[in-house]
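Coordinate inspection notes
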Amino acid sequence: MAVIGALRMPAARSPAATSLNSKPGPTTENYHQTLSFSSANLAGDRIRLPRLSKSRIGAYPSDDKKRSTYVSPKAVSDSKNPQTCLDPDASRSVLGIILGGGAGTRLYPLTKKRAKPAVPLGANYRLIDIPVSNCLNSNISKIYVLTQFNSASLNRHLSRAYASNMGGYKNEGFVEVLAAQQSPENPNWFQGTADAVRQYLWLLEEHNVLEFLVLAGDHLYRMDYESFIQAHRETDADITVAALPMDEKRATAFGLMKIDEEGRIIEFAEKPKGEQLEAMKVDTTILGLDDKRAKEMPYIASMGIYVVSKNVMLDLLRERFPGANDFGSEVIPGATSIGMRVQAYLFDGYWEDIGTIEAFYNANLGITKKPIPDFSFYDRSSPIYTQPRYLPPSKMLDADITDSVIGEGCVIKNCKIVHSVIGLRSFIAEGAIIEDTLLMGADYYETAADRKLLAAKGGVPIGIGKNTHIKRAIIDKNARIGENVKILNSDNVQEAAKETDGYFIKSGIVTIIKDALVPNGTII
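Throughout, residues of each chain are indexed from 1 in the direction in which the sequence is written. For a predicted model such as this one, the threshold for reporting local features is a pLDDT of at least 70, and the threshold for listing and counting side-chain atom pairs is 80 or more; totals across whole chains, interfaces and linings nevertheless cover every residue. Remark: hydrogens and water are excluded; side-chain values derive from all non-hydrogen atoms of the structure.

**Here's the deal with the overall build of the chain**
Selection rule: Put simply, DSSP marks the helices as runs of H or I at least four residues long and the strands as runs of E at least two long, and each gets a number from the N terminus on. Here the term buried applies to any residue with accessible area under 20% of the maximum for its type, exposed to any over 50%, and partly exposed to those in between, with areas from a 1.4 Å probe on protein chains only. Areas reported as accessible are Shrake-Rupley estimates using a 1.4 Å probe. Residue values count occlusion only from the protein chains shown.
Regarding its fold elements, the chain presents 14 helices and 31 strands. Expressed as a percentage of its 524 residues, the buried residues of the chain come to 54%. Only carbon and sulfur atoms are counted for the fraction: they give 51% of the accessible area of the chain, which is about 23,700 Å².

Here's what the structure looks like:
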């Protein structure tokens, strides 16, 4: 094979980025026959069958006997095939589309004053930083974020975090928010994920790309999208759906998919139970799992992440299903039903949909887990980016801190913190006890003079007051928690809406609203 130029091998990955159950990849001897720049087929054998015309739009035969098929099982798993050689590369050929989601009612009150992707995460970050960072680490630098609710803080964060370092003379990258807007052609707001993309197709189709990468803005995971796109191209797919292996216990809460021996999706079922659940079992070794793990995880669930060929997206949303509002429940199953090639791509790593208060709370506290956190921000090869805030190091004065993560610019005095995440600019006064709690911190500092003046007037400064005890709670930004306050939910209340008092309780977790004031001596 004649090659002009140099083959650039990817950087080594950290152990955290790979599955503990992953098998070693193929040896170098296996590569010499299958390595090519055009398809980047680095593992498995090609099976060549007579091809149909590449003109795909207008006819999608359900009979695949005449179509070209590349069977490359080991290349379908994110953790098992880190070598990618996309041609053309992702920065030029892929457009990222991050869906900001709806009003975020399940995350309320965290979404009271912000869009769901702008909700703070892990002391220093915001939810939107996860898919944007995954894109940047995967060499995808053209990214749109679609949203229609409270997008001011999201806009501000993205412009501060990514505006200055995305461009370049030849590679004009960007991260931009596309907010819902009314037009003469469409007077309605976004009606769902597919409708959001449809309303902006006039802009998206202007980009000279091969594929659209459709992502969710409220998931926590680390993924190499280049391997995902490579699998899409190798299998000659119209749509590729990221799939998560599931055991029987979790499977009933997800939309499941059934695949054939080539990894092609042939059936969908939304939260099946009983016999319907049993019927959705698949052989996940087809997608790269080893035999033992395949027996433990006999189901695959859609992650709501898709690679869609550009011409296919335009055809589906404009011609085939012009009234469909949702990708997962309408467009993707519809594409399967008309004979399009819809492939599954297995992602066998940590993934969490943090669309509820309980899931959000558990995901945040999961980063304190010993010895290995559920999701690590300490990954050298795939860092999570955010806006530079130029804050000073956190200062701990006679504090007792155990199994916790402390953000930037905090001032923590003589207090006790156990199994908690403390957000940036947090101020915690003497005698306070913080347990199993997420503190989001503050957007700004109050000076010593400000705090003194507030105290003289009987006010409450931003932060946690003296001798306050907080357990199993989320404290949103800029909250003013007074002295001798107890937020313990001693009565184990599961659900309560006390918005006028500055808090909600969901799944037994007390959430203090952003900018709320909790007076001295309050007991919740």
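The rest of the description comes next.
**Quick notes on unusual backbone geometry**
Between aspartate 87 and proline 88 the backbone carries a cis peptide bond, its omega angle lying at 0°. Within the secondary structure layout, proline 88 lies in the loop between β2 (69-70) and α2 (90-93). Looking along the chain, the bond that leaves tyrosine 108 and enters proline 109 is cis, with omega of 15°. The residue proline 109 is located in the loop between β3 (94-99) and β4 (120-121) in this model. Even without a glycine there, the phi angle at asparagine 139 is positive, about 70°. Mapped onto the secondary structure, asparagine 139 falls in the loop between α3 (129-137) and β6 (142-147). The exposure class assigned to asparagine 139 is partly exposed, which follows from its relative accessible area of 29%. Positive phi, normally seen in glycine, also occurs at asparagine 467, with a value near 55°.

**Some words on the pairing of strand β23 (residues 433-439)**
Short version of the rule: Paired strands are those between which DSSP finds at least two bridges.
The sheet contact formed by strand β20 (residues 416-418) and β23 spans 3 bridges and is parallel. Across the sheet, the residue bridging to valine 418 is glutamate 435, located in β23. Taken together, the 2 bridges between strand β21 (residues 421-422) and β23 define a ladder with parallel strand orientation. Looking at β23, one finds that valine 421 is bridged to leucine 438.

**Considerations on the side chain of arginine 264**
Test applied: Definition of a polar contact: a pair of N or O atoms within 3.5 Å, with one able to donate and the other able to accept a hydrogen when the atoms are protein atoms, and with sequence-neighbouring residues admitted only if both atoms are side-chain atoms.
Following the sequence through the fold, arginine 264 ends up in the loop between β11 (255-259) and β12 (265-270). Note on arginine 264: relative accessible area 8%, which makes it buried. There is a polar contact of 3.0 Å between the side chain of arginine 264 and the backbone oxygen of methionine 340.

**A word on the nonpolar core**
Across soluble globular proteins, nonpolar side chains show a tendency to be buried alongside one another. Stated formally: We define a nonpolar core as any set of buried Ala, Val, Leu, Ile, Met, Phe, Trp, Tyr and Cys residues linked to one another through side-chain atoms lying within 4.5 Å. Only heavy atoms matter for contacts: two residues are in contact if any of them lie within 4.5 Å across the pair.
Counting residues in hydrophobic clusters, the biggest one holds 69 residues, and the most contacted among them are Leu213, Tyr221, Tyr225, Phe228, Phe360 and Ile474. Per-element accounting of this core gives the leading share, 6 residues, to helix α13 (residues 357-365). Residues contacting leucine 213, with those up to four places away along its chain left out, are Val94, Leu95, Gly96, Ile97, Cys135, Ile140, Tyr225, Phe228, Tyr306 and Val307. Core analysis: the next-biggest nonpolar cluster, separate from the first, contains 49 residues, Leu146, Ala194, Val282 and Val312 among them.

**Thoughts on helix α7 (residues 225-234)**
With 10 of 10 residues buried, α7 is to be regarded as a mostly interior element. Listed in full, the buried residues belonging to α7 are Tyr225, Glu226, Ser227, Phe228, Ile229, Gln230, Ala231, His232, Arg233 and Glu234. The backbone nitrogen of glutamate 226 lies 3.0 Å from a side-chain oxygen of the residue at the head of α7, namely aspartate 224. Trailing α7 by a residue or two, aspartate 236 shows a phi angle of about 55°, which is positive.

**Considerations on the pairing of strand β10 (residues 239-246)**
For β10, a buried count of 8 out of 8 residues is recorded, marking the element as mostly surrounded by other parts of the structure. Where burial is concerned, the two faces of β10 agree: the one with Ile239, Val241, Ala243 and Pro245 and the one with Thr240, Ala242, Leu244 and Met246 are both buried. Pairing of β10 with strand β14 (residues 342-346) involves 5 bridges; the strand directions are parallel. Note on β14: the bridge partner recorded for threonine 240 is glutamine 343.

**A few points about the confidence of the model for the chain**
Our working rule: By definition, pLDDT measures how confident the predictor is in each residue, and it falls between 0 and 100.
Summing up the model confidence of the chain, the mean pLDDT is 82 and the portion of residues at 70 or higher is 81%. Long-range and interchain partners of residues 1-81, a stretch whose pLDDT sits below 50, account for 144 contacts in this model, where long-range means more than four residues apart.

**Things to note about the side chain of aspartate 224**
Tracing the backbone shows aspartate 224 in the loop between β9 (219-221) and α7. Within the structure, aspartate 224 has its side chain in polar contact with the backbone nitrogen of glutamate 226 (distance 3.0 Å). Within the structure, the side chain of aspartate 224 is placed 3.0 Å from the side chain of serine 227, a separation counted as a polar contact.

**Here we look at the pattern of salt bridges**
Worth spelling out the cut-off: Any Lys or Arg side-chain nitrogen located within 4 Å of an Asp or Glu carboxyl oxygen qualifies as a salt bridge.
This model, assessed by the stated rule, comprises 19 salt bridges. Note that aspartate 195 and arginine 198 form a salt bridge whose closest N and O atoms lie 3.3 Å from each other. Of this pair, aspartate 195 and arginine 198 both sit in helix α5 (residues 193-199), 3 residues apart, roughly one helical turn. For the pair shown, aspartate 195 and arginine 198 are each scored as buried. Lysine 370 is paired through a salt bridge with aspartate 403; the nearest N and O atoms lie 3.3 Å apart. Here aspartate 403 lies in the loop between β17 (400-402) and β18 (405-406) and lysine 370 lies in the loop between α13 and β16 (395-396), a separation of 33 residues in the sequence.

**Quick word on the packing of aromatic side chains**
Which entries qualify depends on this criterion: Only rings of Phe, Tyr and Trp enter the pairing, Trp through its six-membered ring, and a pair is recorded when the two centres are within 6.5 Å. The plane angle decides the type: under 30 degrees is stacked, over 60 is edge-to-face, the rest tilted.
The tally for this structure, following the rule as stated, stands at 10 aromatic pairs. Taking 5.5 Å as the distance between ring centres and 85° as the angle between the ring planes, the aromatic pair formed by tyrosine 108 and phenylalanine 504 counts as edge-to-face. With tyrosine 108 in the loop between β3 and β4 and phenylalanine 504 in strand β29 (residues 503-506), the pair connects residues that are 396 residues apart, well separated along the chain. Between phenylalanine 375 and phenylalanine 377 the ring centres are 5.1 Å apart and the planes differ by 75°, which places this aromatic pair in the edge-to-face class. Connected via pairs of aromatic rings, a cluster forms that spans Tyr125, Tyr350, Phe375 and Phe377.

**Some thoughts on the environment of leucine 204**
Mapped onto the fold, leucine 204 is located in helix α6 (residues 201-204). Linking leucine 204 and glycine 96, residues 108 residues apart in sequence, is a C-alpha distance of 9.9 Å. Excluding residues within four positions of it along the chain, leucine 204 makes contact with Leu95, Ile97, Tyr144, Val197 and Phe212.

**Observations regarding the environment of lysine 142**
Locating lysine 142 in the fold gives a position in strand β6. Remark: the alpha-carbon pair of lysine 142 and isoleucine 97, spanning 45 residues in sequence, is separated by 8.7 Å.

**Quick look at α13**
Of all 9 residues that make up α13, 7 are buried, and the element is covered over most of its length. Among all positions of α13, only Ile357, Ala359, Phe360, Tyr361, Ala363, Asn364 and Leu365 are buried.

**A look at the packing of helix α11 (residues 310-320) against helix α12 (residues 327-337)**
Rules: Here the axes come from fitting lines to C-alpha atoms, over the contacting stretch only for helices, and the angles between their N-to-C directions go from 0 to 180 degrees. Small angles under 35 degrees read as roughly parallel and large ones over 145 as roughly antiparallel, with 65 to 115 read as roughly perpendicular and the rest as oblique. Ten residues, namely Ala, Val, Leu, Ile, Met, Phe, Trp, Tyr, Cys and Pro, are considered nonpolar, four, namely Asp, Glu, Lys and Arg, are considered charged, and the remaining ones, Gly among them, are considered polar.
At a closest axis distance of 11 Å, the pairing of α11 and α12 adopts a crossing angle of 110°. Between α11 and α12, the interaxial angle falls into the category roughly perpendicular. Contacts between α11 and α12 pair Met313, Leu316 and Leu317 from the former with Phe327, Val331 and Ala335 from the latter. Of the residues assigned to the contact of α11 with α12, the class counts are 6 nonpolar, no polar and no charged.

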